[in-house]
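Working through the structure, step by step
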There are 2 protein chains.
Amino acid sequence: MSGDQADDGDRQARLSERKDTVHRIIGTARGKDARFRDERITMAHGAGGKATATLIEGLLAPTFASPALKELADAGVIELGGARLAMTCDAFVVKPLRFPGGSIGELAVNGTVNDLAMAGARPGGMTLSLIMEEGLASDVLREEVEAVARAARTAGIEILGGDTKVVERGACDQLYMTTTGIGTVDDRARLSPSALVPGDVLIISGRIGEHGTAIMVARGEFELGADVRSDTRCLWPAVDALLGAAGPHLRCLRDATRGGVASVLNELAQASGVSMLVREADVPVLPVVAGAAELLGIDPMYVANEGAFVAAVAAAGADAAVAALRGVEGCEEARVFGQVEDGPEGLVLVETGFGGRRVMDQLVGDPLPRIC
Amino acid sequence: MSGDQADDGDRQARLSERKDTVHRIIGTARGKDARFRDERITMAHGAGGKATATLIEGLLAPTFASPALKELADAGVIELGGARLAMTCDAFVVKPLRFPGGSIGELAVNGTVNDLAMAGARPGGMTLSLIMEEGLASDVLREEVEAVARAARTAGIEILGGDTKVVERGACDQLYMTTTGIGTVDDRARLSPSALVPGDVLIISGRIGEHGTAIMVARGEFELGADVRSDTRCLWPAVDALLGAAGPHLRCLRDATRGGVASVLNELAQASGVSMLVREADVPVLPVVAGAAELLGIDPMYVANEGAFVAAVAAAGADAAVAALRGVEGCEEARVFGQVEDGPEGLVLVETGFGGRRVMDQLVGDPLPRIC
């Protein structure tokens, strides 16, 4: 929506000042000088926001000094034996293990498949590692192993191997899963988080905030009679459709898991050295999800999804991309919700439902721990 | 050693009776009818012995129903984009994080590289997933991240990507690492755990029992003034040498980690439907390791290694294989320690230092939890 333009001059002035400040902050915290200086690990380091970025960019990436890690994408790409492969890994520590719309086993497969899909790779195979707490009920384990098998069949990915470890009672919380997926990068895909240029449009694949909300409801953290289900799903069919309809126009795909859409946009704006402007009103959110977020004082843009992604697309491919997405189950509400602009590097602005604009920074702290 | 042959007839009779019993037990617990019936997960399910086998063969493998899993090897093999790739995954929950001779970071890389090497694959890339406990000291994390980077450089494997999760204080024990490695299967390698035939010889790559003993010493579980260090090392150079010297003669390679040499032999005997006879006196063990094992009432054959492996080789390639191994650092004491025989399927016999023979079954229970 366009909003009230009355005090536009004033707002622009305030905005410009804020942009400068934000730019400095971002330059310090996330630029080439990113340093990991915290004395201890906190929940925020696992939240997918600022602290996670500092840990990864300030410690892990420079220490490993690997070309594949420079892009900080959802999956690394490697050439092996003549094949161009994407490889991704994820740990799953979601609490509780089962929640409306899914469970840790389904999440583990879909999360892995989706990271491959975001790299433009068709899912090939995956490994599954289980860390189990002594005393875990076998029925719980069996249900999750079956959930893994079902989700893998749906996604068309083969389980190639695994590992099982048991730790003493109290040394983990029931069951953690870690997966790694590999797939072949589709020939139609030319994706990179640093490929965005001003004029590109930003597409959201569907409704947001449902996974994080479903987890909160399952934990009984607030009283909601509503039936909110996790959006966990395999996104390869959506990516396949996108590649077919707009392959050469696609700049980058990123699923909006931990840290939500806001964190994805910040990562991409930073990686490409561009600004973004997105419109809150063009992002589909269920009223119950918006209500729950308001209760918790969180913007739905920061709430985790497990079946929604952002696509940055050259303007020429936007209509075809949206049309292709809408034909895929779970993406019927796909739409353009913003664009890439030529402004301060890394700045993401959101036009709110009230017509104002504000900076949408990376997630700070961890309002919703262990959602995946 | 050959041992006392005086009461050979008697022994053979007892042995024959025992073979039948063992055969029945193995047939029930590990054959086609393997069922996972335990109500809860116990430490034994993570020990790499009988309970682990039941969990994998009775629940995981049949549920995932994947061709790659049927072989139950250290790594799955998949054809992707025209390349023949090995893929392996491992969770590391070792306690304590640092121990004489290594630490979790080094172990995570070497363990991954070694699983690839055992599949005849040259290490290519790996992912690293961290599950961290809230409150973990950053210095501890930094040391382990650096240990990962160092070990990866030594092994020539690239870190392709990773994941970080944080769980609340008390929901894990400081730091767990999960890795997945991929590599290209070497053209010289034609390896399979089901390829063993009577007449093949069994080679041990070097001294055994040092990793498990080092962990026990580090935990202060008994008083030992001795300096026992983990044997954690990258085994690809050893495998590369073996493939060069005896490639077509190699049947299978298996590193003797959890469950030790005894478990590896049982797995291979079962997978190939053969018997084995090994000679205790031909397995190199440091006196201090043997002493520690005796104190704990454990056979060193069941103690975990992180840099020793068993190679099953056609007799014609045995001398070349041993000679090649001895030229590689860490494998100077490689030797033939047994052979594959035409006896009851899955039966492993050991000729003891006293000249007797006894069944060397899979590990039961978990005398040394969380050694990797």
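Keep in mind the model is a prediction, meaning the values are calculated, not measured.

1. A closer look at the pairing of strand β13 (residues 348-351) of chain A
Residue and element names in this part refer to chain A. Neither face of β13 is left uncovered, since the one carrying V348 and V350 and the one carrying L349 and E351 both have all their residues buried. Across four bridges, strand β10 (residues 275-279) lies against β13 in parallel orientation. In the strand pairing of β13, L277 is matched with L349. In terms of strand pairing, β13 meets strand β14 (residues 357-359) through three bridges, oriented antiparallel. Bridge pairing in β14 places V350 opposite R358.

2. Some words on the sheet that holds strand β2 (residues 83-92) of chain A
Residue and element names in this part refer to chain A. Within the open sheet, the five strands sit side by side as β1-β2-β7-β5-β6. Their pairing is mixed. Looking at which strands have only one partner, the edges of the open sheet turn out to be β1 (76-80) and β6 (158-167). Put simply, the sheet's adjacent strands are angled 20° from each other on average, direction ignored. Note: strand β5 (residues 121-133) against β6, nine bridges, orientation parallel. Note that in β6 the partner of S129 across the bridge is D163.

3. Some thoughts on the environment of B:G209
All names here are of chain B. One can find G209 in the loop between β8 (201-204) and α6 (210-218). G209 sits in the buried class, given a relative accessible area of 0%. Ignoring any residue separated from it by four or fewer positions in sequence, one finds G209 in contact with V289, V303, A304 and N305.

4. A word on the domain arrangement of chain A
Residues and elements named next belong to chain A. By the assigned domains, chain A splits into domain 1 (33-65), domain 2 (72-185) and domain 3 (201-359). Computed over C-alpha atoms, the centres of domain 2 and domain 3 are 23 Å apart. Contact with domain 2, which involves 25 residues of that partner, is made by 21 residues of domain 3. Around 1,800 Å² of area is buried between domain 2 and domain 3 when both sides are counted, 60% of it from carbon and sulfur atoms. Contact with domain 3 buries surface across domain 2, with P100, N114 and M118 losing the most and accounting together for 31% of the total. On inspection of domain 2 and its partner domain 3, the count reaches one salt bridge. Remark: the boundary between domain 2 and domain 3 carries six residue pairs in polar contact (both at pLDDT 80 or more). Mapped by element, the contributors of at least two residues to the side of domain 2 that touches domain 3 are β3 (98-99), α4 (104-118) and β5. Of the residues assigned to the side of domain 2 that touches domain 3, the class counts are 13 nonpolar, six polar and six charged.

5. So, the packing of helix α5 (residues 138-155) of chain A against helix α2 (residues 50-64) of chain B
Their axes nearest at 8 Å, the elements α5(A) and α2(B) cross at an angle of 30°. When the axis of α5(A) is compared with that of α2(B), the two are roughly parallel. Each of A:L141, A:R142, A:V145, A:E146, A:V148, A:A149 and A:R153 in α5(A) lies in contact with α2(B), whose residues at this interface are B:L55, B:L59, B:L60, B:T63 and B:F64.

6. Points about the side chain of A:D299
All names here are of chain A. With respect to the helices and strands, the residue D299 is situated in the loop between α9 (287-296) and β11 (309-313). Take D299: its relative accessible area is 17%, and that puts it in the buried class. For D299, the side chain forms a polar contact with the main-chain nitrogen of M301, separated by 2.9 Å. Excluding residues within four positions of it along the chain, D299 makes contact with E280 and R358.

7. Notes on the packing of aromatic side chains
Per the stated rule, a full pass over the model turns up zero aromatic pairs over all chains. Positioned above the aromatic ring of B:F92, the side-chain terminus of A:K165 is 5.6 Å from the ring centre.

8. Thoughts on the sheet that holds strand β2 (residues 83-92) of chain B
Residues and elements named next belong to chain B. Reading across from one edge, β1-β2-β7-β5-β6 is the order of the five strands in this open sheet, with mixed pairing throughout. The open sheet is flanked by β1 (76-80) and β6 (158-167), the only strands paired with a single partner. Neighbour to neighbour, the strand axes of the sheet diverge by 20° on average, direction disregarded.

9. Some thoughts on the relation of the copies chain A and chain B
With an RMSD of 0.0 Å, the fit of chain A onto chain B corresponds to turning through 180° and sliding 0.0 Å along the axis. Those values place the two copies in the arrangement expected of a two-fold rotation axis. Among all residues of chain A, the minimum C-alpha distance to the rotation axis is found for A:C172, at 2.1 Å. Counting the interface residues of chain A, we find that 100% of their copies in chain B are interface residues as well, pointing to one common contact surface.

Parameters and conventions
Residues numbered from 1 in each chain as written. Chains lettered and ligands numbered in written order. Predicted model: local features only at pLDDT ≥ 70, side-chain atom pairs only at ≥ 80, totals over all residues. Heavy atoms only, no water. Buried < 20%, exposed > 50% of the residue type's maximum accessible area, 1.4 Å probe, protein only. Helix = DSSP H or I, 4+ residues; strand = E, 2+ residues; numbered from the N terminus. Pairing = 2+ DSSP bridges. Axes fitted to C-alpha atoms, helices over the stretch in contact; angles between N-to-C directions. Contact = heavy atoms within 4.5 Å. Domains from an automatic or database assignment. Buried area = accessible area lost by both parts, 1.4 Å probe. Salt bridge = Lys/Arg side-chain N within 4 Å of Asp/Glu carboxyl O. Polar contact = N/O pair within 3.5 Å; in protein donor to acceptor, adjacent residues only side chain to side chain. Nonpolar A, V, L, I, M, F, W, Y, C, P; charged D, E, K, R; others polar. Parallel < 35°, antiparallel > 145°, perpendicular 65-115°, else oblique. Phe/Tyr/Trp six-rings, centres within 6.5 Å; stacked < 30°, edge-to-face > 60°. Lys NZ or Arg CZ within 6 Å of the ring centre and 35° of its normal. Least-squares fit on C-alpha atoms with pLDDT ≥ 70 in both.

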